[in-house]
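# Structural description and commentary
The chain contents come next:
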Amino acid sequence: MNPLVQGLFNKFKQSEELESLSDSDAFELFAASILLPDYLLSQAERTDFLLDPGAIGVDVVALEVNSQLVWDKTDASEICDGTNRLEVSLHLIQAKKSAGVSSSEILNFGDAALKILNNSVDSAFQRLVSVAGALSYIFENHAAKLKSPPAVALHFTTTAPRVAVEDSTVVDRVETVRGQISSLGFVGRVSVRVHGADDLHDLWTKKNVSNEVEIQLEKSVNLPKMQGVTQGIIGVVSVSELLRLVENDEGSLDERVFYDNVRGFQGTGNSVNKQIISTLASDDRNLLPVLNNGVTVVASSYFPKPGDAMSLSGYQIVNGGQTSHCAYLSKEHLGDNADSTYVPIRIVVTEDADIATKITQATNSQTEVKENDLVALNKFQKRLEDFYRIDTEGVSLTYERRSGQFFGREVTKTRLVSISDQMRALSAVFLDSPHVAARYPKQLYNEVGSRIFQDDHKLIPYVASAFAAYKLENAFRTVLEAFYKPARYHILMVYAYQALGHKAAPLKSAKVEEDSRKLIAALKRPDQVSYFRQAAAVVVEVAGGNLRSSDQLKRSQLTLDLLKKFNA
């Protein structure tokens, strides 16, 4: 393997604790980690992206619906039923460690893509069947909601040198596959790319090096000195300069800069966004500085340039995501007018995470943001983050209170606990709701949001449940059979009952602290995999000798049957 790519691959395996995984499987996940958007990767464990053993032609599949990862029809139904507009993308990856490019394997990759799109996958490969079935479900039941036909992106990944990637036969095969998929008639934009060693390094760098940009403000005023703030600036910036903040080198939106923005893009159907786009398209665009609240940028460092120019690094757009997206969508229509259309901007340079959080909270409290969007910023979350940091129980986990807050830092990624991870683990271990834990984040919060993150809750059960989830995932990364993985949350619930011998105490009670420490002690026993296997056997037994489909695992009946077994 190319030595530079080998070094990056080794670093990836170490940070993701994947040393026990086969090199071929680990390389598939390495490719996924740099090719898939971070907002999708954050919604699942890395090993969840591995397909059924023996699947031919494709190694990783990710179906994206309105920026949410969809695994099956239930996921698709929950997302589609709650909206009138759908944006769908299918991401496919074939990853080879080889230093050459096989043109026949490119054609096989294309054939696998066609089978998924046509919902004709071999029934032996249930993961692929579920994803293909979810896409088919969207076509059959929600076609009228599609903003445009689904986009399809195929990434054939190798460690080959550039000359092999650009070989005329390879280019010809790529065009053949692109043509076959485009000719289906029911897909939209089709992208087929072959990535070699140089591409992998470039993609890795873009994902793992702090974002930097140089912009020119039209007018600006420096704010008075403030404690904890290196520099504060208020001004106006042209739309063309704003786009420099939000686009990557390829001219696409750089999702990294919206990590700390509490809301995703609300779509062009949103009334406010309609008005912004309408204003940008009209002669009233010159009034935008007084009609729009603008954007707020928080950066870790900056360097002033002559005039009103500056270089920013480690920056986030914490407010103004809707304005930024509307400007991006309007750039072609604006043309040269983008240079003379202005948006208000506020830039705060600080290395103090608490100040950055206060800015995010304050700027978003002035707009219509749902309370659960700001959950990462409440006092309980801050206390919980500090409790993880103190680590009184020696579990060595880190709480990621704000998505992307550890970007660019040397952390073991498998030991990061996001808010979604926390909700899922707590639901399974302490709330007897494993069937809810498997749902996508918005639905999960709707189900358990009122029962978690309360000021009077003890902190240790949150850590104990996350530790249980980490230990189980670690078991799956080593020797625990992948067959059990769809029922991971039911396994966690059963494990807790077996370790404690009773139903866990309420989260606000003093008794729950004792239960939590008992659970953590059990999780530190040697030969931990055997205990998880015992819990998994109970789940299989109660399920009737075989695990049910992922759709059934998201319903309450199996949970109720398991609770009866423990007289709970």
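To keep things clear, this report deals only with the structure shown in the data block. Not measured: the values here are computed from a predicted model.

### Structural notes on helix α21 (residues 511-523)
The end-to-end C-alpha separation of α21 is 19 Å, in line with the 18 Å expected for 13 residues at 1.5 Å each. Every buried residue of α21 is accounted for by Val512, Asp515, Ser516, Leu519, Ile520, Ala522 and Leu523. Viewed along the axis of α21, the buried residues span an arc of 160°, placing them on a single side of the element. For α21, the secondary structure elements touched by its buried residues are α16 (419-429), α19 (460-478), α20 (488-500) and α22 (528-542).

### Remarks on the side chain of Lys145
Within the fold, Lys145 resides in the loop between α6 (126-142) and β4 (151-157). Buried within the structure, Lys145 lacks any salt-bridge partner; Asp81 is the closest side chain of opposite charge, at an N-O distance of 5.0 Å. When sequence neighbours within four positions are dropped, the list of residues in contact with Lys145 reads Cys80, Asp81, Thr83, Asn84, Arg85 and Leu86.

### Description of the environment of Thr360
Among the structural elements, Thr360 can be located in helix α14 (residues 353-365). For Thr360, a relative accessible area of 3% gives the class buried. On a C-alpha basis, the gap between Thr360 and Val318 in space is 5.5 Å, while along the polypeptide they are 42 residues apart.

### As for the pairing of strand β6 (residues 212-216)
Across the two faces of β6 the burial differs, with Val213 and Ile215 buried and Glu212, Glu214 and Gln216 not buried at all. Of the pairings in the sheet, the one linking β6 to strand β11 (residues 309-313) comprises 5 bridges and is antiparallel in character. Following the sheet pairing, Val213 is matched in β11 by Leu312.

Conventions we followed
Residues numbered from 1 in each chain as written. Predicted model: local features only at pLDDT ≥ 70, side-chain atom pairs only at ≥ 80, totals over all residues. Heavy atoms only, no water. Helix = DSSP H or I, 4+ residues; strand = E, 2+ residues; numbered from the N terminus. Expected span 1.5 Å × (residues − 1). Buried < 20%, exposed > 50% of the residue type's maximum accessible area, 1.4 Å probe, protein only. Arc of directions from axis to C-beta. Contact = heavy atoms within 4.5 Å. Lys, Arg positive; Asp, Glu negative; His and termini not counted. Salt bridge = Lys/Arg side-chain N within 4 Å of Asp/Glu carboxyl O. Pairing = 2+ DSSP bridges.

Such coordinate-based values are descriptive only and should not be taken to indicate function.
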